[in-house]
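Coordinate analysis (summary)
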Amino acid sequence: MSTSPEHDYLSKAALRIMESASNSGLFGYTEGQRKLFDFSCDLKQDWSKVIVGQTLWKHGGDGIDKDLRTLLNERDIAAAVYIARHESKLRSRFAEVTQSYLDTPMRDRLSRLRVFWVPADFEAKDENIRESIYNALKEEITKDLLLHVTLGGLTPRDTTRFASAKRPGLPIAILSYIKKHGYRNNTRTAKDLDRNPNAVKYETERLFILGFLESESLQGGIYQVTASGQAMLDICSRLRDYLKGNLGEKNTNKELEHICSLLGIEYPSIPITTPLVNKDVEHQLQNPTFLLLQHVAQADSDGSVDWPAPYFALPSTTDIAAAS
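Residues numbered from 1 in each chain as written. Predicted model: local features only at pLDDT ≥ 70, side-chain atom pairs only at ≥ 80, totals over all residues. Heavy atoms only, no water.

Observations regarding the packing of aromatic side chains
For clarity, the threshold we go by: Centre distance within 6.5 Å is the pairing criterion for rings of Phe, Tyr and Trp, where only the six-membered ring of Trp is used; planes under 30 degrees apart are then read as stacked, over 60 as edge-to-face, and the remainder as tilted. Helix and strand labels come from DSSP, where a helix needs a run of H or I of at least four residues and a strand needs a run of E of at least two; each type is numbered from the N terminus. To sort residues, take the accessible area from a 1.4 Å probe on protein chains only and compare it with the maximum for the residue type: under 20% means buried, over 50% means exposed, and anything in between is partly exposed. Counted as over-ring charges are cases with an Arg CZ or a Lys NZ within 6 Å of the ring centre that also lie within 35 degrees of the ring normal.
Overall, the coordinates contain 8 aromatic pairs when judged by the stated rule. Taken together, a centroid distance of 5.7 Å and an interplanar angle of 85° make the contact between Trp57 and Phe122 edge-to-face. Note that Trp57 is positioned in the loop between β3 (48-56) and α2 (62-73) and Phe122 in the loop between β5 (113-119) and α4 (127-150), a separation of 65 residues in sequence. Like Trp57, the residue Phe122 is buried in the burial classification. Considering the side-chain rings of Phe94 and Trp117, the 5.7 Å spacing of their centres and the 90° angle between planes classify their relative orientation as edge-to-face. Linking Phe94 in helix α3 (residues 88-100) with Trp117 in strand β5, this pair joins segments that are 23 residues apart in sequence. Note on accessibility: Phe94 and Trp117 belong to one class, buried. Ring-pair connections join several aromatic residues into one group, and the members of that group are Tyr9, Trp57 and Phe122. Lying across the ring of Tyr134, Arg16 places its NZ or CZ 4.0 Å from the centre.

Structure, rendered in structure tokens:
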């Protein structure tokens, strides 16, 4: 089927946005095989999250049925993205189709559907409009897809609560320890970390309540690091790179900065020369970014954390084809 320039641009833009976001060092990007879809990619780290998508532009509302059926029938995907032309007729038809799935076995799969509406007057030939649409899509995809799918649903509130721990460095040390060694018991964890057992017990339970740790028991006990806990470890590791001046060229990483800003982490506002450990610290108790960087600096000073290295993706299928 022939496609319009708008259809092609939007499909490519979705992949470009996710590939660009991978430059944050928080996950890797590999373009996937399209199969029945308009675009597909695999976001990788300790996990692999396949994302597929369809773009609705030229054909009418009747195509929504087929598109959604194709997206929802696909197994083993983390998210199904639908980029569609913003028209009342299409929105109405979309609502009808999704409503019809509520009484079917597909009901549970609707939660992985992400829909992004594009103004109906979008024209791909206009460079200024293309840039505007791209920036709007980037903001929406980063907020509603990347934060929820690749970063475990982290929110600004989560990062603030994480940073509010009263013992600098300890929450990062506990997450890192449990990720590497698992959790046997509090006494063993405290001994290995050379920390006060009561402090470790309190902070471990707090991380569990906040959702950075999980357990098969509602009362806690045998803990594992959740997706959001893993994401927080990765973000803290990149913040450590920032404090050491190793984040990138001129110690900047615009993709990481954008993702962090959506989480309320304005790390460029804290110069790397700011004292964060020992007696020279000038505490900023109402500044979550300062508190988070203080946790990072203290954990690094303690030497108790295995810092996750930046994730660099394998070559995409298009790169491999081009090389061949």
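Right, picking up where we left off after that structure.
What to know about a negative patch on the surface
Keep this limit in mind: Residues enter patches when they are more than 30% accessible in relative terms and free of salt bridges; like-charged ones are connected within 9 Å and nonpolar ones (Val, Leu, Ile, Met, Phe, Trp, Tyr) within 5 Å. Areas reported here follow the Shrake-Rupley algorithm with a probe of radius 1.4 Å; residue values treat only the protein chains shown as occluding. For salt bridges, the criterion is a side-chain nitrogen of Lys or Arg within 4 Å of an Asp or Glu carboxyl oxygen. By the counting scheme adopted, Arg and Lys are positive, Glu and Asp are negative, and His together with the chain ends is not counted. Taken as the charge location is NZ of Lys, CZ of Arg, CG of Asp or CD of Glu.
Together, Asp121, Glu123, Asp126, Glu127 and Glu131 give the surface a local cluster of negative charge. Note on placement: Glu123 falls in the loop between β5 and α4. The class for Glu123 is partly exposed, based on a relative accessible area of 38%.

Spatial relationships are all this shows, so hold off on functional conclusions.
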